[in-house]
Amino acid sequence: MNTALWAADLLPGQIDFGSFSPSTGGGEFVEVNLPTSLISLGARLVEKDEPEVAQLLNGIKLVRVNVLALDEDNRADIQKRAQKIRKELADKGWERIVAAQQKDQDVGIYLKMTDKGTVQGLTAVVMDGKEHAVFVNVVGEIKPEQLALLGEKLHIDPLKKLGHTAEKSEKKSDDKAPEKAED
Amino acid sequence: MNTTDVKVPQVPVRPAPAAPGGLRFRKGHLAVLLILCLLLSCAAGVAGYFRLSSESRVLRSSLMESVGGEWDKKFAVHVGSLTMGVVRLGSHFIHLPPEPRAALDTLHGAEVGIYHLREEPHSINATAIFDGADRAMKARGWDRIVGVTHERELVAVYFPRKVVLPSKMSCCLMIFHNRELVIVSARGNLEPLLEIARKRMDHIKDEMQGRLNNRIITGQNHS
């Protein structure tokens, strides 16, 4: 799938990973691109039992997942692209909430947040040893309280904590605003 | 008497009566024509059952051209909205459990094609297959949602680019596994299936809650 996008076409919170191709060695390749319409369909399935999750899903505009098996042909190129993506995320003001390096594993999870604490995008770049690379980008408008819920559902503790922290700071700024108005 | 003043009375001229078999001739031709049209329509309809849509044909071609080799068609059938409508109408006269009923109410049209590759391919160029299929499907307003490959197996799922409503869903699927190529396309209204799925989830949730409560009670009794 041709995923080369112009900068102007990217949604806030969207990262252009470029296009990935299956390795010539027949290794595993997974590519998922979920648009808003299909995500909304999932929201309709759970809205009765879990309205908060449905609301969270309705705020998500795009989900992209790429899983690639690494071999001698593509390992160097994929590692280089992963480093380039991480640098791009840092340059564009994405906040790194998880940075873990253990043995051959290298995990980085990044958030793009607005001033009000709303999350516009979540990106994960994972190099699993020398065998697999995983790229994930979730784009949408996720409120701080929904962030904690997302962290809980995905079992990402830093995300849960960040959600609670963002929620608290949002409440503090809301409390300060009326005081300023009185002054 | 002046001969030039003689007036010949004008007799109204009636058209010559038609030959006795003429009217029957026209009616006969019309009947034959109608029967021919009916037969042609039936033939076209029957032929349509074995002709896949352009999207399915494009997916099939993308893979077959890339992989090469000789292919045998094992099965190819297309069931359109008219046939499915008749089936749905007929099914209401018989008692069906909720799940098959929901499945019938959901499906408005479907087609399946199964093809067999005679010899094992040397390799599968998944990039070429995806590129060709993506380009052709994009021209028809479809985007690939899922693409998976591993060794000599490949799965691709396509959905229409336009806003997807549960009441008007369409999907195309291509699977290549063990020298078998399967192309599936379906369209319909997902609402009946969504309703069944929600009820199932409620049931599972209640069941799990019941088991959890039992465990808590049992644990309390032991303590």
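Source: prediction; values computed, not measured.

Asker: Which residues make up the overall build of chain A, and what values do they have?
Answerer: Counting its secondary structure elements, chain A contains five helices and six strands. For chain A, the α and β elements follow one another from N to C terminus as β-α-α-β-α-β-β-β-β-α-α. Put simply, chain A has 183 residues, and 27% of those count as buried. Sequence separation of 24 or more characterises 55% of the internal contacts of chain A that already satisfy a separation of 6 or more.

Asker: Could you give an account of the nonpolar core, with specific residues and numbers?
Answerer: Core analysis: the biggest nonpolar cluster contains 48 residues, and Leu68 of chain A together with Leu59 and Leu63 of chain B have the highest contact counts within it. Those residues within four positions of Leu68 of chain A in sequence are excluded, and the remaining contacts are Phe20, Phe29, Ile78, His132 and Ala133 of chain A.

Asker: Requested: an account of the packing of helix H2 (residues 54–67) of chain B against helix H5 (residues 126–139) of chain B, with residues and values cited.
Answerer: Residue and element names in this part refer to chain B. Where H2 meets H5, the axes come as close as 9 Å, and the angle between the chain directions of the two elements is 155°. In this view, H2 runs roughly antiparallel relative to H5, as classed from their interaxial angle. Our pair here, H2 against H5, has a crossing hand that is right-handed. The segment H2 lies against H5, with Glu55, Val58, Leu59, Ser62, Leu63 and Ser66 engaging Ala128, Ile129, Gly132, Ala133, Ala136 and Met137. Class assignment for the residues of the contact of H2 with H5 results in eight nonpolar, three polar and one charged.

Asker: A description of the pairing of strand E3 (residues 95–102) of chain A should follow, citing residues and the corresponding values.
Answerer: Residues and elements named next belong to chain A. Where burial is concerned, little of E3 is hidden: zero out of the eight residues are buried. Where E3 and strand E4 (residues 105–113) come together, seven bridges link them in antiparallel fashion. By the bridge assignment for E4, Arg96 is matched with Tyr110. Adjacent in sequence and paired antiparallel, E3 and E4 are bridged by two residues, among which Lys103 carries a positive phi angle near 55°.

Asker: Before we move on, can you summarise the interface of chain A and chain B with the specific residues and values?
Answerer: Taken together, the contact pairs 19 residues of chain A with 23 residues of chain B. Looking at the side of chain A that touches chain B, the elements with two or more residues in it are strand E1 (29–34) and helix H1 (36–46) of chain A. Sort the elements by how many residues they give to the side of chain A that touches chain B and E1 of chain A lands first, with six residues. Note that E1 of chain A and strand E3 (residues 142–150) of chain B share four bridges and pair antiparallel. Bridge pairing in E3 of chain B links Phe29 of chain A to Thr149 of chain B.

Asker: An account of the environment of Cys171 of chain B is requested, with residue identities and associated values reported.
Answerer: Residues and elements named next belong to chain B. Among the secondary structure elements, Cys171 is positioned in strand E5 (residues 169–177). A sequence separation of 61 residues divides Cys171 from Ala110, and the C-alpha atoms of the two residues are 9.6 Å apart. Residues in contact with Cys171, not counting those within four places in the same chain, are Val157, Phe159 and Ala186.

Asker: How would you sum up the pairing of strand E4 (residues 153–160) of chain B? Please name residues and give values.
Answerer: All names here are of chain B. Sheet analysis places E3 next to E4, joined by eight bridges and oriented antiparallel. The residue bridging His150 from the neighbouring strand is Glu153, located in E4. The sheet contact formed by E4 and E5 spans five bridges and is antiparallel. Each residue of the ladder has a partner; that of Leu154, found in E5, is Phe176.

Asker: So what about unusual backbone geometry? Which residues, and what values?
Answerer: Residue and element names in this part refer to chain B. A positive phi is found at Asn178, a non-glycine position, where the angle reads about 50°. Here Asn178 is to be found in the loop between E5 and strand E6 (180–188). Positive phi, normally seen in glycine, also occurs at Arg179, with a value near 65°. Along the chain, Arg179 turns up in the loop between E5 and E6. Classification of Arg179 by C-beta neighbours within 10 Å gives partly exposed; the count is 16.

Asker: An account of helix H4 (residues 98–106) of chain B is requested, with residue identities and associated values reported.
Answerer: All of the buried residues in H4 of chain B are Ala102, Asp105 and Thr106 of chain B. For H4 of chain B, the buried positions fall inside an angular range of 100° around the axis, keeping them on one side.

Asker: Any chance you could break down the sheet that holds E5 of chain B for me, citing the residues and the numbers?
Answerer: What the twelve strands build is an open sheet, ordered E3(A)-E4(A)-E5(A)-E6(A)-E2(A)-E1(A)-E3(B)-E4(B)-E5(B)-E6(B)-E2(B)-E1(B); its pairing is antiparallel. Bordering the open sheet on either side are E3 of chain A together with strand E1 (71–79) of chain B, each of which pairs with just one other strand. When strand polarity is set aside, the average angle formed by the axes of neighbouring strands in this sheet is 10°. The sheet contact formed by strand E5 (residues 119–128) of chain A and strand E6 (residues 132–142) of chain A spans nine bridges and is antiparallel. Paired with Ala124 of chain A across the strands is Val136 of chain A, a residue of E6 of chain A. Set on the sheet, H2 of chain B makes contact with E1, strand E2 (107–117), E3, E5 and E6 of chain B; between it and E6 of chain B the angle comes to about 160°. Helix-sheet contacts for H5 of chain B involve E1 of chain A together with E3 and E4 of chain B, and the interaxial angle to E3 of chain B is about 170°.

Asker: Describe the packing of H1 of chain A against helix H2 (residues 51–58) of chain A, and please don't skip the residues or the numbers.
Answerer: Residues and elements named next belong to chain A. Between H1 and H2, the least distance of the axes is 8 Å, while the angle of their chain directions is 170°. Looking at the two axes, H1 sits roughly antiparallel to H2. Counting all contacts with H1, which are made through Ile39, Ser40, Gly42, Ala43 and Val46, the residues of H2 involved are Val53, Ala54, Leu57 and Asn58. Tallied by class, the residues present in the contact of H1 with H2 amount to six nonpolar, three polar and no charged.

Asker: Requested: an account of the confidence of the model for chain A, with residues and values cited.
Answerer: All names here are of chain A. Model confidence for chain A is summarised by a mean pLDDT of 80, while 78% of its residues fall at 70 or above. Ignoring residues within four places in sequence, the model shows residues 1–6, a span with pLDDT below 50, making 15 contacts including any to other chains. Residue range residues 178–183 is modelled with pLDDT below 50. Its contacts to residues more than four positions away, or to other chains, number zero contacts.

Rules used in this analysis
- Residues numbered from 1 in each chain as written.
- Chains lettered and ligands numbered in written order.
- Predicted model: local features only at pLDDT ≥ 70, side-chain atom pairs only at ≥ 80, totals over all residues.
- Helix = DSSP H or I, 4+ residues; strand = E, 2+ residues; numbered from the N terminus.
- Buried ≥ 20, exposed ≤ 12 C-beta atoms within 10 Å, placed from the backbone.
- Contact = placed C-beta atoms within 7 Å.
- Core = buried A, V, L, I, M, F, W, Y, C linked by C-beta atoms within 7 Å.
- Axes fitted to C-alpha atoms, helices over the stretch in contact; angles between N-to-C directions.
- Parallel < 35°, antiparallel > 145°, perpendicular 65-115°, else oblique.
- Left-handed = near helix turned anticlockwise from the far one by under 90°.
- Nonpolar A, V, L, I, M, F, W, Y, C, P; charged D, E, K, R; others polar.
- Pairing = 2+ DSSP bridges.
- Arc of directions from axis to C-beta.
- pLDDT = per-residue confidence, 0-100.

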